[in-house]
Number of protein chains: 2
Amino acid sequence: MVGRLIQTAKSAYQFPLIFKQLWHTPLVQAPNQEIVYRDLRRFTYRQIRDRIGRLASALSKAGVEAGDTVGVLDWDSHRFLEAFFAIPMMGAVLQTVNVRLSPEQIAYTIDHAGSSTLLVNDEFVGLLEGLKSQLPKVKRLIVMSDAPVPQTGSLSFIGEYENLLSAASPDYDFPDFDENTQATTFYTTGTTGLPKGVYYSHRQLVLHTLAGLAMFGIAGTQGRFSRDDVYMPITPMFHVHAWGFPWSATLAGAKQVYPGRYEPAMLVKLIKDEGVTFTHGVPTILRMLLEAAAKANVDLKGLKMVIGGSALPKALAKQALAAGIDIFAGYGMSETGPLAAVSHVRSKDLSGDSEGEVEFRTRAGMAGPLVDLRIVDDDMKDVPHDGKSSGEIVLRAPWLTQGYFNNPESSEQLWAGGYLHTSDIAVVSPDGYVHITDRMKDVIKTGGEWVSSLQIEDLISQCAGVSDAAVIGVKDDKWGERPLALVVKQASETNDVSATIIKDHLKVFADKGVISKYGIPEQILFIETIPKTSVGKINKKLLRERYGNM
Amino acid sequence: MVGRLIQTAKSAYQFPLIFKQLWHTPLVQAPNQEIVYRDLRRFTYRQIRDRIGRLASALSKAGVEAGDTVGVLDWDSHRFLEAFFAIPMMGAVLQTVNVRLSPEQIAYTIDHAGSSTLLVNDEFVGLLEGLKSQLPKVKRLIVMSDAPVPQTGSLSFIGEYENLLSAASPDYDFPDFDENTQATTFYTTGTTGLPKGVYYSHRQLVLHTLAGLAMFGIAGTQGRFSRDDVYMPITPMFHVHAWGFPWSATLAGAKQVYPGRYEPAMLVKLIKDEGVTFTHGVPTILRMLLEAAAKANVDLKGLKMVIGGSALPKALAKQALAAGIDIFAGYGMSETGPLAAVSHVRSKDLSGDSEGEVEFRTRAGMAGPLVDLRIVDDDMKDVPHDGKSSGEIVLRAPWLTQGYFNNPESSEQLWAGGYLHTSDIAVVSPDGYVHITDRMKDVIKTGGEWVSSLQIEDLISQCAGVSDAAVIGVKDDKWGERPLALVVKQASETNDVSATIIKDHLKVFADKGVISKYGIPEQILFIETIPKTSVGKINKKLLRERYGNM
């Protein structure tokens, strides 16, 4: 089956989907738009584009070539934004190093990715010093610092970032090349085994950027992103490209604010002083923001915030709505670019009643444009979109990772049957809202029934006096597995929450048929804190190690 | 220069940008959303997708194969929407035939495109009967009718559209194929020479669809398109894909209304009864709409309307604003997909004062995402973005036609220097608004100075008592050329507008330095009507023939 092919290769009208194309419109329409770094520095778009040319010139002079991998270890900064563009635009590969991993894992990911050049925030110089012997492929380092100080030690720094940029030409001639050229890589922080490298091409990320604007642009009256917005990430830039927003915001010509390391007081100050209107983060960040804003007496009204990384608890969503935040969940993962779906709510479902709205705002929501989202059974057959039948979410989209770097076995599992397997269990309502009920491995199988750990966690977290909750399955001779709840109490002297209160709370939902009675845990343990992974997910692996044999 | 290529071909994660991918999200999220045809029929998205499968099955059974060209002669209908998808999704080429051309031109375009199958609204059957001898390549015809009647005559109809669909299977297996496969073709209605065929691939149009949503999605508070909108085209679907909105609206899952032949009373009735909120058209259509709404006592408040095809006159824009329409201009052409720019106005420039706002709303505005828009001098050097220096708009974007079908000479001219030449003269303001000052061939060169015919037309149309105006250059022994104004008076017994009044009106702007004093025409002729082309542009070729030697 062949239609009429239009030959477009190597002609003037050919337009490869590569990163440098993202700069056409912002440079014409928003040359004087602002990009702000903490309360320290301000740039215009024109200046940042100039610095991107300088960074490429400096890297090129230092010996970086197309096809090389360049790692960045930094908090969210204008420098990171410059690296987001300059490195891929040279034809090199940007590795965004997750600095929250353990030192051994950091060394592993840098070495496994084959990064030969590192841009390093001076905060991590000591760390790298200790890892030197594990980084045989690293040939050159550049130190980045808010207040440059001379570097000592044994690492072979070729210079300081600002000095190198000052000495370099802004007129780097970024080449055209095949849009399937690799642009980025980073490592997933799975709860089992070694970190796995995912990787993306220019074509994939340009499509992700454009689809991101379309996805947030077609929202109704809630949760939309426009060129009028002021964007600030509170999901780190090393984690899944900060959801691709640094590229999307640039393409839209919107004001951008980069907060450095996430310090609550600084975040709140930037939201207030710079008029931030759009951000994203994990639930823990939202909690921290609400507390810091209350402390600083800053009104968060009008802030739009997408929550991802782990489920948005209903109780927290209600708290955010009460603070005037337009709160909603996003759905995606390291392997998906990440944007797959977002809980935009149809205007008819925006009742203004927070009880009703959180039902919609905490879902995975609606798949983004072009995303082929299915929920399937074990045989890859579609389950009905009736709001009840559950299945695994499998995906296709133009921007999903094609596998794990140098890991053919895991890659094959990921793409079994021609779709990317998310391991998330969901239902889809007749009007198209996707609602995740659990992770496949977190489902608790008790007496032949499936109990959603996520749902029980969510219900427990709504019980008065509860600050945080996690539910895991523990072995049981009679039932196979039984749920165990680990609960953190709210810090208050008058807090009298108890296992009995929580069980009674759950019983109300069991009586209503919301959950099975088998979902009520016999064992409820009160602990100091729920351990989280480096990206803010509940660390169930650790919890299973600690409490799985109880 | 080669980076690290990611091989994506023929793998599960490969995702060609072909039309069938546009249906993933709407089928999940908006299966019951409505698509309405006049006051005659209503469908759900699910039903339309089902009919698209049936249409493909019927065409396939009739012998249509991938690579064939299928022409459609219809007004805007659900049937045309079905053809917009089914024909390209089969790997065949959709020719949208401009039924407003002369019979000879219609025959020429069908024959030149090589259409072998035609879907024909019964209104045009008589026309085709007369052209039969000029259509030797046409093998089969299908008649489309709101109220099917038996066809007589000598044309070889293979059936009636609804009957064929009823008998066909909805489960056509639309194949995957190369995204560079041709999807559509149609003919430009230039004012000189024979119509020229432009053509687009799946990749180009899928990117145009996505960029269209991003472009209108990132608008500030004005002129944006969302999934809450109700869309109705009033630019024909045969003309540059109705700006691609039928595809964009489908991808967004928005309600769609197709009005058939443009009858003012029906348009106004549909706007009112179906709650249409977003449309587009030429200035003439807007005038017609305003009159019809006033007559029917229908409030157009809240309607968003993009004006393209020819410049949006300020006086008309003011009238539309006064009627509560969110009016703004779009910029593009048959060769550009068409979306190139749109006059979205930054919130800071939305003063609420219509005098001030029309200055922004009538411009070409801001280029769409990924569009590489430059204004250049004769040597392809960029002119400054100072709001004063003018140059030709040249473009690159991922969705521009790669040339004219079987016309290498014109194609080469179009793409001279690696950019698509628009022949439009524009200035760009420092804050990035593009403002078209004239067409290259419509600029009047008088005594060594360039006078913009467009600007003089616009100013004359703002003079009280003037309904419409056109300005052309006429030969002059002393000055080379002089402007001649052709003016249509508003129909009113008390209208006392005269040549003297118009000249005095223009003199005010000359005194302010808005125009050169050489721009004031000595000759002002009052005529009955300004001739327009089939797409609503002033027919300057005809005017020059009639009045060029005065």
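The residue numbering used here restarts from 1 in each chain and proceeds along that chain's sequence as written. Here every chain gets a letter starting at A, and every ligand a number starting at 1, in the order they are written. Given that the model is predicted, a residue must reach a pLDDT of at least 70 before its local features are reported, and side-chain atom pairs must reach 80 or more before they are shown or counted; all residues, however, enter totals for whole chains, interfaces and linings. The basis for the side-chain values is all heavy atoms of the structure; hydrogens and waters are excluded.

### Some details on the interface of chain A and chain B
Residues are treated as being in contact if the distance between any of their heavy atoms lies within 4.5 Å. Across the boundary between the two partners, chain A contributes 79 residues, which contact 79 residues of chain B. Interface area, chain A with chain B, both sides summed: about 6,700 Å², of which 59% is carbon and sulfur. In this description, buried area is defined as the sum, over both parts, of the accessible area (probe of 1.4 Å) that is lost when the two are combined. Among the residues of chain A in contact with chain B, A:Arg4, A:Ile218 and A:Leu370 are the three that bury the most area, contributing 12% of the side total. Just to be clear on terms, a salt bridge is a Lys or Arg side-chain nitrogen sitting within 4 Å of an Asp or Glu carboxyl oxygen. Here A:Glu179 and B:Arg203 are joined by a salt bridge, their closest N and O atoms 2.7 Å apart. Nitrogen and oxygen atoms within 3.5 Å of one another constitute a polar contact, given that in protein one can donate a hydrogen and the other can accept it, and given that sequence-neighbouring residues count only through two side-chain atoms. Linking chain A with chain B are 22 residue pairs in polar contact (both at pLDDT 80 or more), by the criterion used here. If you list the elements that add at least two residues to the side of chain A that touches chain B, you get α1 (24–29), β9 (196–201), α7 (202–217), α8 (245–252), β16 (366–367) and β17 (372–376) of chain A. By the criteria applied, helices consist of DSSP H or I runs no shorter than four residues and strands consist of E runs no shorter than two, each listed in order from the N terminus. It is α7(A) that contributes the most residues to the side of chain A that touches chain B, eight residues altogether.

### Things to note about helix α15 (residues 499–512) of chain A
By this rule the span expected of a helix is its residue count minus one, scaled by 1.5 Å. Helix length check: α15(A), at 14 residues, gives a terminal C-alpha distance of 20 Å against a target of 20 Å (1.5 Å per residue), a fit within 8%. Directly after α15(A), the chain includes A:Gly513, whose backbone phi takes a positive value near 85°.

### Some thoughts on the relation of the copies chain A and chain B
In this comparison the copies share one frame, found by least squares on the C-alpha atoms of residues holding pLDDT of at least 70 in both. Mapping chain A onto chain B leaves a residual RMSD of 0.1 Å; the transformation is a rotation of 180° accompanied by 0.0 Å of translation along its axis. Both copies are brought into coincidence by an operation consistent with a two-fold rotation axis. Interface residue correspondence from chain A to chain B reaches 100%, placing this contact among same-surface, isologous pairings.

### A word on the sheet that holds strand β18 (residues 391–396) of chain B
All names here are of chain B. If DSSP finds at least two bridges between two strands, the strands pair. One open sheet accounts for four strands, arranged β17-β18-β19-β20; its pairing is antiparallel. Two strands lie at the open edges of the sheet, namely β17 (372–376) and β20 (434–439), each paired on one side alone. Neighbour-to-neighbour, the strand axes of this sheet turn through a mean angle of 45°, independent of strand direction. In this structure, strand β19 (residues 420–428) lies alongside β20, joined through five bridges in antiparallel fashion. Considered in β20, the bridge of aspartate 424 is made with arginine 439. Note on method: axes are straight lines fitted to C-alpha atoms, helices fitted across the in-contact stretch only, with angles between N-to-C directions ranging 0 to 180 degrees.

### Re unusual backbone geometry
Residue and element names in this part refer to chain A. Cis peptide bonds are those with omega within 30 degrees of zero, and the linkage from glycine 337 to proline 338 qualifies with 15°. When you line up the elements, proline 338 lands in the loop between β14 (326–332) and β15 (339–342). Its identity is not glycine, yet asparagine 297 carries a phi of approximately 60°, on the positive side. As for its placement among the helices and strands, asparagine 297 is situated in the loop between α10 (283–296) and β13 (304–307).

### Brief notes about the packing of α7(A) against α8(A)
All names here are of chain A. Across the interface, α7 lies against α8 with an axial gap of 9 Å and an inter-helix angle of 70°. In terms of their interaxial angle, α7 and α8 are classed as roughly perpendicular. As for how α7 packs across α8, the hand of that crossing is right-handed. On α8, the residues touching Leu205, Thr209, Leu210, Gly212, Leu213 and Phe216 of α7 are Phe245, Trp247, Ser248, Leu251 and Ala252. Put simply, Ala, Val, Leu, Ile, Met, Phe, Trp, Tyr, Cys and Pro go in the nonpolar bin, Asp, Glu, Lys and Arg in the charged bin, and everything else, Gly too, in the polar bin. Among the residues making up the contact of α7 with α8, the classes are represented as eight nonpolar, three polar and no charged. The scheme is simple: roughly parallel for angles under 35 degrees, roughly antiparallel for over 145, roughly perpendicular for 65 to 115, oblique for anything else. Crossing chirality is assigned from the near helix's rotation relative to the far helix, an anticlockwise turn below a right angle marking it left-handed and a clockwise turn marking it right-handed.

### Digging into the packing of helix α14 (residues 453–461) of chain B against helix α15 (residues 499–511) of chain B
All names here are of chain B. Contact pair α14 / α15: the axes reach a minimum separation of 10 Å and the direction vectors enclose 120°. Crossing angle aside, the handedness with which α14 passes α15 is right-handed. In this structure, α14 contributes Ile456, Leu459 and Ile460 to the contact, and α15 contributes Ile502, His505, Leu506 and Phe509. Split by residue class, the contact of α14 with α15 holds six nonpolar, one polar and no charged.

### Notes on the packing of aromatic side chains
Only centres within 6.5 Å qualify two rings of Phe, Tyr or Trp (six-membered ring in Trp) as a pair; their planes then separate them into stacked at under 30 degrees, edge-to-face at over 60, and tilted for everything else. For the structure shown, the criterion picks out 35 aromatic pairs over all chains. Pairing A:Tyr199 with A:Phe405 gives two aromatic rings, centres 6.2 Å apart and planes at 75°, and the pair type is edge-to-face. Here the residue A:Tyr199 occupies a position in strand β9, and A:Phe405 occupies one in the loop between β18 (391–396) and α13 (408–414), the gap between them amounting to 206 residues. The class of A:Tyr199 is buried, set by a relative accessible area of 15%. Taking 5.4 Å as the distance between ring centres and 55° as the angle between the ring planes, the aromatic pair formed by B:Trp75 and B:Phe124 counts as tilted. Linking B:Trp75 in the loop between β3 (69–73) and α3 (78–89) with B:Phe124 in the loop between β5 (117–121) and α5 (125–131), this pair joins segments that are 49 residues apart in sequence. According to the relative accessible area criterion, B:Trp75 is buried, its value standing at 11%. Exposure categories follow from relative accessible area, calculated using a 1.4 Å probe and restricted to protein chains: below 20% of the type maximum is buried, above 50% is exposed, and the middle band is partly exposed.

### Here's the deal with the side chain of B:Arg363
All names here are of chain B. Of note, arginine 363 is situated in the loop between α12 (354–361) and β16 (366–367). When charges are counted, neither His nor the chain ends are considered; positive counts come from Lys and Arg and negative counts from Asp and Glu. No salt bridge is formed by the buried arginine 363; the nearest opposite charge belongs to glutamate 359, separated by 4.7 Å. Of the polar contacts made by the side chain of arginine 363, one reaches the backbone oxygen of glutamate 359; its length is 3.0 Å.

### Focus: the domain arrangement of chain A
All names here are of chain A. Residue ranges labeled as domains rest on an automatic or database domain assignment. Parsing chain A into structural domains produces domain 1 (31–195), domain 2 (200–439) and domain 3 (444–548). One C-alpha centre belongs to domain 2, the other to domain 3, and the line joining them spans 25 Å. Where domain 2 packs against domain 3, one counts one salt bridge. In this assembly, domain 2 and domain 3 are joined by three residue pairs in polar contact (both at pLDDT 80 or more). Among the elements of the structure, α10, α11 (314–322) and β20 (434–439) are those that each provide at least two residues to the side of domain 2 that touches domain 3.

### Comments concerning the sheet that holds strand β24 (residues 480–489) of chain A
All names here are of chain A. With mixed pairing, three strands are arranged side by side in an open sheet as β23-β24-β25. Here the strands that pair on one side only, and so sit at the sheet edges, are β23 (466–476) and β25 (523–526). Each strand axis lies, on average, 25° off the axis of its neighbour in the sheet, ignoring direction. Of the strands in this sheet, β23 and β24 are in contact with helix α14 (residues 453–461), which crosses β23 at around 145°. Across the sheet, helix α16 (residues 540–547) is in contact with β23, β24 and β25; its angle to β23 comes to roughly 60°.

### Brief notes about empty space enclosed by the protein
Only protein atoms enter the 1 Å grid used here, on which a cavity is any set of points holding a 1.4 Å probe that cannot leave and a pocket is any open set flanked by protein within 12 Å on both sides along at least five of seven lines; residues with an atom within 4 Å of a point are listed as lining. Grid points are joined across faces, edges and corners, and a volume is the space filled by probe spheres set on the points. One pass over the structure, following the stated rule, counts five cavities of 30 Å³ or more. Empty space within the largest cavity amounts to approximately 60 Å³. Lining the largest cavity are 13 residues, and of these A:Gln29, A:Arg227, B:Ile218, B:Ala367 and B:Pro369 lie nearest its centre. Of all the secondary-structure elements, those providing two or more residues to the lining of the largest cavity are α1 and α8 of chain A together with β16 of chain B. Taken together, the residues of the lining of the largest cavity break down into eight nonpolar, four polar and one charged.

### Some details on the pattern of salt bridges
Summed over all chains, the structure comprises 66 salt bridges over all chains. A single network of salt bridges, built from pairs that share partners, joins A:Glu34, A:Arg42, A:Lys255 and A:Glu274.

### Some words on the pairing of strand β25 (residues 523–526) of chain B
Residues in a regular strand project their side chains so that they alternate between the two faces of the sheet. Residue and element names in this part refer to chain B. Pairing analysis gives four bridges linking strand β24 (residues 480–489) to β25, with the strands arranged parallel. Bridging across to β25, leucine 486 finds its partner in leucine 525. Here the term right-handed applies to a crossover when the path leading from its first strand over the helix to its second strand runs clockwise, the strands being oriented away from the viewer. In terms of handedness, the path from β24 via α15 over to β25 forms a crossover that is right-handed.

### Structural notes on the environment of B:Ala58
Residues and elements named next belong to chain B. Relative to the helices and strands, alanine 58 is located in helix α2 (residues 45–62). Under the relative-accessibility criterion, alanine 58 is labelled buried at 12%. Taking the C-alpha atoms as reference points, alanine 58 and phenylalanine 405, 347 residues apart in sequence, are found 28 Å from one another. Other than its neighbours up to four places away in sequence, alanine 58 contacts Leu164 and Ala168.

### Here's the deal with the environment of A:Ser492
Mapped onto the elements of the fold, A:Ser492 is located in the loop between β24 and α15. Through-space distance from the C-alpha of A:Ser492 to that of A:Gly53 is 54 Å; in sequence the pair is 439 residues apart.

### Describing helix α4 (residues 103–113) of chain A
All names here are of chain A. Those residues of α4 that fall on the buried side of the exposure criterion are Ile106, Ala107, Thr109, Ile110 and Ala113. With its buried residues spanning 165° around the axis, α4 presents them on a single face. For α4, the secondary structure elements touched by its buried residues are β3 (69–73), β4 (93–96), β5 (117–121), α5 (125–131) and β8 (182–188). To be clear, the arc concerns the directions from the helix axis to the C-beta atoms.

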